[in-house]
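Chain residues, written in single-letter form:
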Amino acid sequence: MANSIILMSDEHNPFYSSVYGHSFVRTPNMERLAAEGTVYVNAYCPSPLCMPSRSAFVSGRRVHELQTYSNCNVGLRSDFPTYGKVLKDQGVHTVHIGKTHVYEAGERLGFSEIHCNKDHKKPGDTNFRRRPLAIRKNAAQRANEYGVKDNAFDGDLKVMDAALRWIKETAPNLRQPWCLAVHLTKPHFPHWNTQEYWDLYPQGGDLPRYGKEEESAKHPYARDLRTHFQTESFTEEQVRGLRRGYLGCVTFIDSQLGRLLDALEECGLRDSTNVIYTSDHGEMLGKFGMWWKCSLYEDSVRIPCIAAGPDFSAGKRVETPVDLHDVQASLFYAAGAARPDGWVGQPLQTIGERDPERVVFSEYHGHGTRSGAFMIRKGDWKLIHYAEAPHQLFHLREDPDELRNVFSLYPEKAAELEAELKRICSPELENEKA
């Protein structure tokens, strides 16, 4: 058996890290973790929005099963047991430190300990009207929220300091397996930096490679999101500033991962502890003129997933698609504990390097689009099924940036992935419920 640590950031597009191929962003501690362990190259979130994704992660259930469709937290069912409680009931000491933002308040999630929990105040986000499409009030002003602030990282530093104290003071004295989850809020917008991190990336104030002229940018749901967030009014200067700030936030998160790894080594816990770095969803960061998340395009729905420790092979890269449910299943595998029947996911430790038949699913029902959408990834192929717009099919090995919709060219492949979707849910019924 092994102990487990999950370090979950917020809104980290994995393509903005050296581990996943970015040419100059500095993430040496992610590289360090990757060298010691395994990189899951094609990792996805259950839904590209905070509360749906995090709720699915803690509960082991699909977003449509939870009916946690958006960031609005009024009237939700809260009787779903969390992995923290299920593991605790089997003798594992479970700890949550930092952001919660799920279907229930932190103190009622059933963990052995919870600290610095940041619950979303009710009613949460109510900007999810579909007809007519809600326009987020003052959304265009978000484009100014980047640059230097002395206190830019104070909240996350408080959380990480609490986690390091727990590792140093409590973990060495436990006589049972334990699982620690540390949830940081960066690199989530706004993209403020301290001066140290802002100065790292003057060249990071670049422009997205693919803009609004691309075919995928003209899809109705992409247009909806640009309208909802008023991103058409973002200036070139603002785009450059936001992208520069985002890189600084990514490197800040990397620094916190380094602090965590150092603390484990200092306490002699490194050889007995699995460490997994991941995030709750990605960030479009101006690609196709789109910002934030809320899309099933790769930059929004992909997440980093790097795992090291006694359960993981060093220097390995797994091509098989995985998701946050698999990450959660890994915690049970490490502790030798049983997951409840019906929970989704397979332990990362048991997933082969290249399985062309494995299916990963994501869905989106929240703000900024006219209706729901569903994603199936299988092998090199990805289907996005839209409830009220043309579907998209991408061959990601040939077209990793999703520039060419080949749905009409490969009807048999589209039908194959559509059948996989309908084995998971009825998209028509679930869209109607949402």
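Preceding block: the structure.
What you see is a predicted model; the values in this text were computed from it and never measured.

1. Structural notes on empty space enclosed by the protein
Part 1: Tallying each qualifying case throughout the model produces two cavities of 30 Å³ or more.
Part 2: Tyr 221, Ala 222, Leu 225, Met 290, Cys 294, Ser 295, Leu 296, Tyr 297, Tyr 364, Thr 369, Ala 373 and Tyr 386 are the residues that line the largest cavity.
Part 3: Here the lining of the largest cavity takes three residues from helix H7 (residues 220-229), the largest share from any one element.
Part 4: Class assignment of the residues belonging to the lining of the largest cavity gives a composition of 10 nonpolar, two polar and no charged.
Part 5: Its boundaries defined by the atoms lining it, the second largest cavity holds a volume of some 30 Å³.
Part 6: Taken together, Leu 225, Arg 226, Phe 229, Thr 231, Gly 289, Met 290, Trp 291 and Lys 293 form the lining of the second largest cavity.
Part 7: Of the residues that constitute the lining of the second largest cavity, the class distribution is four nonpolar, two polar and two charged.

2. Describing the nonpolar core
Part 1: Counting residues in hydrophobic clusters, the biggest one holds 119 residues, and the most contacted among them are Tyr 83, Leu 87, Trp 166, Ile 167, Leu 180, Ile 306 and Leu 348.
Part 2: The dominant element in this core, judged by the number of residues it contributes, is helix H8 (residues 236-266), at 13 residues.
Part 3: In this structure Ile 167 touches Ile 5, Pro 172, Leu 180, Leu 260, Ala 263, Leu 264, Cys 267 and Leu 269, once residues within four positions along its chain are discounted.
Part 4: With 11 residues, the next largest nonpolar core counts Trp 381, Leu 383, Leu 417 and Leu 421 among its residues.

3. Things to note about the sheet that holds strand S13 (residues 322-323)
Where strands meet in a sheet, backbone hydrogen bonds hold them as pairs that are either parallel or antiparallel.
Part 1: On the basis of which strands lie adjacent, the open sheet formed by three strands has the order S10-S3-S13 and mixed pairing. Among the strands making up the open sheet, the edge pair consists of strand S10 (302-303) and S13.
Part 2: Here strand S3 (residues 43-44) runs beside S10; their pairing, made up of two bridges, is antiparallel. Within the sheet, the bridge partner assigned to Ala 43 lies in S10 and is Ile 303.

4. Observations concerning the sheet that holds strand S2 (residues 38-40)
Part 1: The strand order across the open sheet formed by eight strands is S5-S4-S7-S1-S9-S11-S2-S12, and the pairing between neighbours is mixed. The sheet is open, and its two edges are formed by strand S5 (113-118) and strand S12 (316-318), each paired on a single side. Across this sheet, the average inter-strand angle for adjacent strands is 15°, counted without regard to direction.
Part 2: By the bridge criterion, four bridges tie strand S9 (residues 273-279) to strand S11 (residues 305-308) in an arrangement that is antiparallel. Within the sheet, the bridge partner assigned to Ile 276 lies in S11 and is Ala 307.
Part 3: Contacts between helix H2 (residues 50-59) and the sheet are confined to strand S1 (3-10), strand S4 (93-99) and strand S7 (178-187), with S1 contributing the most and set at about 170° to the helix.
Part 4: Strands in contact with H8 are S1, S7 and S9; relative to S7, the strand with the most contacts, it is inclined by about 160°.

Calculation rules
- Residues numbered from 1 in each chain as written.
- Predicted model: local features only at pLDDT ≥ 70, side-chain atom pairs only at ≥ 80, totals over all residues.
- Heavy atoms only, no water.
- 1 Å grid on protein atoms, 1.4 Å probe; cavity = no way out; pocket = protein on both sides within 12 Å on 5 of 7 lines; lining within 4 Å.
- Points joined across faces, edges and corners; volume = space filled by probe spheres on them.
- Helix = DSSP H or I, 4+ residues; strand = E, 2+ residues; numbered from the N terminus.
- Nonpolar A, V, L, I, M, F, W, Y, C, P; charged D, E, K, R; others polar.
- Core = buried A, V, L, I, M, F, W, Y, C linked by side-chain atoms within 4.5 Å.
- Buried < 20%, exposed > 50% of the residue type's maximum accessible area, 1.4 Å probe, protein only.
- Contact = heavy atoms within 4.5 Å.
- Pairing = 2+ DSSP bridges.
- Axes fitted to C-alpha atoms, helices over the stretch in contact; angles between N-to-C directions.

These figures come from the coordinates and say nothing about function on their own.
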